[in-house]
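Next come the chains, spelled out residue by residue.
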Amino acid sequence: VNAVKDVSFVVEGCVAANPKSFLLFSQALVDSDFATLSPRVLNWRLRILKGALRYAGTAAVSKSELLMSVLESTLRHSDKAVSKSACKMLRSILQGLSETYPLKGESYNVVQSFDGSWSDLAISWHECAVEEFQFG
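Residues numbered from 1 in each chain as written. Predicted model: local features only at pLDDT ≥ 70, side-chain atom pairs only at ≥ 80, totals over all residues. Heavy atoms only, no water.

Describing the overall build of the protein chain
Worth spelling out the cut-off: A run of H or I in DSSP becomes a helix once it reaches four residues, and a run of E becomes a strand once it reaches two; helices and strands are each numbered from the N terminus. Relative accessibility decides the category of a residue: with a 1.4 Å probe and only protein chains considered, values under 20% of the type maximum give buried, values over 50% give exposed, and everything between is partly exposed. Residue contacts follow a heavy-atom distance rule, with two residues in contact if any of their heavy atoms lie within 4.5 Å. Reported accessibility uses the Shrake-Rupley method at a 1.4 Å probe radius. Residues are deemed covered only where the shown protein chains occlude them.
Looking only at helices and strands, one finds seven helices and two strands in the protein chain. Each helix (α) and strand (β) of the protein chain, taken in turn from the N terminus, gives the series α-α-α-α-α-α-β-β-α. Evaluated residue by residue, the protein chain yields a buried proportion of 37% over its 136 residues. Intrachain contacts of the protein chain at a sequence separation of at least 6 include 68% that bridge at least 24 residues. Accessible surface computed for the protein chain: about 8,400 Å², of which carbon and sulfur atoms make up 56%.

Here it is, written out as structure tokens:
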């Protein structure tokens, strides 16, 4: 169980660095035979998708139909671990679409002298777009 959490956090970091990478992860994790997977494999995939969705933002909107079908088939799954992971995935979808979080930022080396002001550091933020409110 801890390994899947670690992988989920790594995927979360990858998508936070580049939200469009969510499309690659979603394509790899959700395939046509998703419903026929064993509960254990299904749980793994849902947990990794959860990490990918946390900072996907607008990129998740393009996969909304696919994500909704995954949720429909897993939220009421007979396996308790699968339904729990589906709930966590739903929470990540909602957080990724509605919260404000930094998209890109410049890092600052504290060893170097800083002559500018904090406003000189370019930070772009995720702000909820109209299509994100209309998800699903």
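Back to the text.
A short note on the pattern of salt bridges
Keep this limit in mind: The term salt bridge refers to a side-chain nitrogen of Lys or Arg lying within 4 Å of a carboxyl oxygen of Asp or Glu.
Applying the stated criterion across every chain yields a total of one salt bridge. The salt bridge involving R54 is made with E99; its shortest N-O contact spans 2.8 Å. Within this pair, whereas R54 is found in the loop between α3 (39-53) and α4 (58-61), its partner E99 is found in the loop between α6 (80-98) and β1 (101-105), the two being separated by 45 residues in sequence. R54 sits in the buried class, given a relative accessible area of 14%.

Regarding the packing of aromatic side chains
Let me state the cut-off plainly: Centre distance within 6.5 Å is the pairing criterion for rings of Phe, Tyr and Trp, where only the six-membered ring of Trp is used; planes under 30 degrees apart are then read as stacked, over 60 as edge-to-face, and the remainder as tilted. Comment: the charge-over-ring label is applied if NZ (Lys) or CZ (Arg) is within 6 Å of the ring centre and within 35 degrees of the ring normal.
What the rule picks out here adds up to zero aromatic pairs. The ring of Y55 has R54 lying over it, and the distance from NZ or CZ to the ring centre is 4.6 Å.

Considering the packing of α3 against α6
Keep this limit in mind: The axes used here are C-alpha line fits, helices contributing only the stretch in contact, and every angle between their N-to-C directions lies in the interval 0 to 180 degrees. Put simply, angles under 35 degrees are roughly parallel, angles over 145 are roughly antiparallel, angles from 65 to 115 are roughly perpendicular, and the rest are oblique. A clockwise turn of the near helix away from the far one marks a right-handed crossing, whereas an anticlockwise turn of less than a right angle marks a left-handed crossing.
Taken N-terminus to C-terminus, the directions of α3 and α6 make an angle of 15°; their axes are 8 Å apart at the nearest point. Between α3 and α6, the interaxial angle falls into the category roughly parallel. Handedness of the α3/α6 crossing: left-handed. Residues P39, L42, N43, L46, R47, L49, K50 and L53 of α3 pack against A81, V82, S85, A86, K88, M89, S92, I93 and G96 of α6.

Scope: geometric values only; no functional claims are made or implied.
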